[in-house]
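Given next are the chains, with one letter for each unit.
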Amino acid sequence: MTNASAYWHTEAACRTIDAEELFAEGTEQRRAKALCTGCTVRIECLAEALDNRIEFGVWGGMTQRERRALLRRRSDVASWREVLEEARRAHEHPRAS
């Protein structure tokens, strides 16, 4: 992990809001997820939650229920950070067909 990625939270869109908003229940989670939409460190945040099996709150635009479902579907993943970084690279630099 590089120094920049170690401190991803300092760039998070949610860094200035009350943390309780990220641990909302039910329909209030939509507001928290919306904050993640344009966040520049969304992938780092989501990887943190998935790799560390964080159970509560909205992380990287996913609720705890969504993360649990993803973890069940992809129980073979050893490093979500690697998977998500690879997906970002593929999205940013698609191969020519």
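First, a word on scope: everything that follows refers to the structure included in this document. Everything quoted here is computed from the prediction, not taken from an experiment.

Considered for burial, the residues of helix α2 (residues 29-36) that qualify are Gln29, Ala32 and Cys36. Taken around the axis of α2, the buried residues stretch over an arc of 65 degrees, which confines them to a single face. Exposed positions of α2 whose direction lies more than 90 degrees from the buried face are Arg30 and Arg31. In the core, the buried residues of α2 are packed alongside α3 (42-51) and α4 (64-73).

Right, let's get into the state of the cysteines. Between two cysteines, a covalent bond joining their sulfur atoms is known as a disulfide. Applying the stated rule across the entire model yields zero disulfides. Between Cys39, a free cysteine, and Cys14, which holds the nearest cysteine sulfur, the sulfur-to-sulfur gap is 6.3 Å.

A few words now on the packing of α3 against helix α5 (residues 80-92). Contact geometry for α3 and α5: axes closest at 8 Å, N-to-C directions at 150 degrees. The orientation of α3 with respect to α5, classified from their angle, is roughly antiparallel. The chirality of how α3 crosses α5 is right-handed. Two secondary-structure elements touch here, α3 through Ile43, Glu44, Leu46, Ala47, Glu48, Leu50 and Asp51 and α5 through Trp80, Arg81, Leu84, Glu85 and Arg88.

What follows covers the packing of α3 against α4. Contact geometry for α3 and α4: axes closest at 11 Å, N-to-C directions at 65 degrees. The orientation of α3 with respect to α4, classified from their angle, is roughly perpendicular. In this structure, α3 crosses over α4, and the sense of that crossing is right-handed. Contacts from Leu46, Ala49 and Leu50 in α3 reach Arg67, Leu70 and Leu71 in α4. Residue composition of the contact of α3 with α4, by class: five nonpolar, no polar and one charged.

A few words on a positive patch on the surface. On the surface, Arg65, Arg68, Arg72 and Arg73 cluster together into a positively charged patch. By the secondary structure assignment, Arg65 is in helix α4.

Our next topic: the nonpolar core. Counting nine residues, the largest nonpolar core consists of Leu46, Ala47, Leu50, Met62, Leu70, Leu71, Val77, Trp80 and Leu84. Among the elements that take part in this core, α3 stands out by supplying three residues, more than any other. Residues contacting Leu84, with those up to four places away along its chain left out, are Ile43, Leu46, Ala47 and Leu50. Core analysis: the second largest hydrophobic core is formed by seven residues, Trp8, Ala12, Cys45 and Ala49 among them.

This part takes up the side chain of Gln29. In this fold, Gln29 is placed in helix α2. Its relative accessible area of 12% is what places Gln29 among the buried residues. Engagement of the side chain of Gln29 in a polar contact is seen with the side chain of Gln64, the distance being 3.4 Å. Beyond its immediate stretch of four places on either side in the chain, Gln29 contacts Ala24, Val58, Thr63 and Gln64.

Thresholds applied
Residues numbered from 1 in each chain as written. Predicted model: local features only at pLDDT ≥ 70, side-chain atom pairs only at ≥ 80, totals over all residues. Heavy atoms only, no water. Buried < 20%, exposed > 50% of the residue type's maximum accessible area, 1.4 Å probe, protein only. Helix = DSSP H or I, 4+ residues; strand = E, 2+ residues; numbered from the N terminus. Arc of directions from axis to C-beta. Contact = heavy atoms within 4.5 Å. Disulfide = S-S within 2.5 Å. Axes fitted to C-alpha atoms, helices over the stretch in contact; angles between N-to-C directions. Parallel < 35°, antiparallel > 145°, perpendicular 65-115°, else oblique. Left-handed = near helix turned anticlockwise from the far one by under 90°. Nonpolar A, V, L, I, M, F, W, Y, C, P; charged D, E, K, R; others polar. Patch = residues over 30% accessible without salt bridge, like charges linked within 9 Å, V, L, I, M, F, W, Y side chains within 5 Å. Areas by Shrake-Rupley, 256 points an atom, 1.4 Å probe, with all protein chains shown as cover. Salt bridge = Lys/Arg side-chain N within 4 Å of Asp/Glu carboxyl O. Lys, Arg positive; Asp, Glu negative; His and termini not counted. Charge placed at Lys NZ, Arg CZ, Asp CG, Glu CD. Core = buried A, V, L, I, M, F, W, Y, C linked by side-chain atoms within 4.5 Å. Polar contact = N/O pair within 3.5 Å; in protein donor to acceptor, adjacent residues only side chain to side chain.

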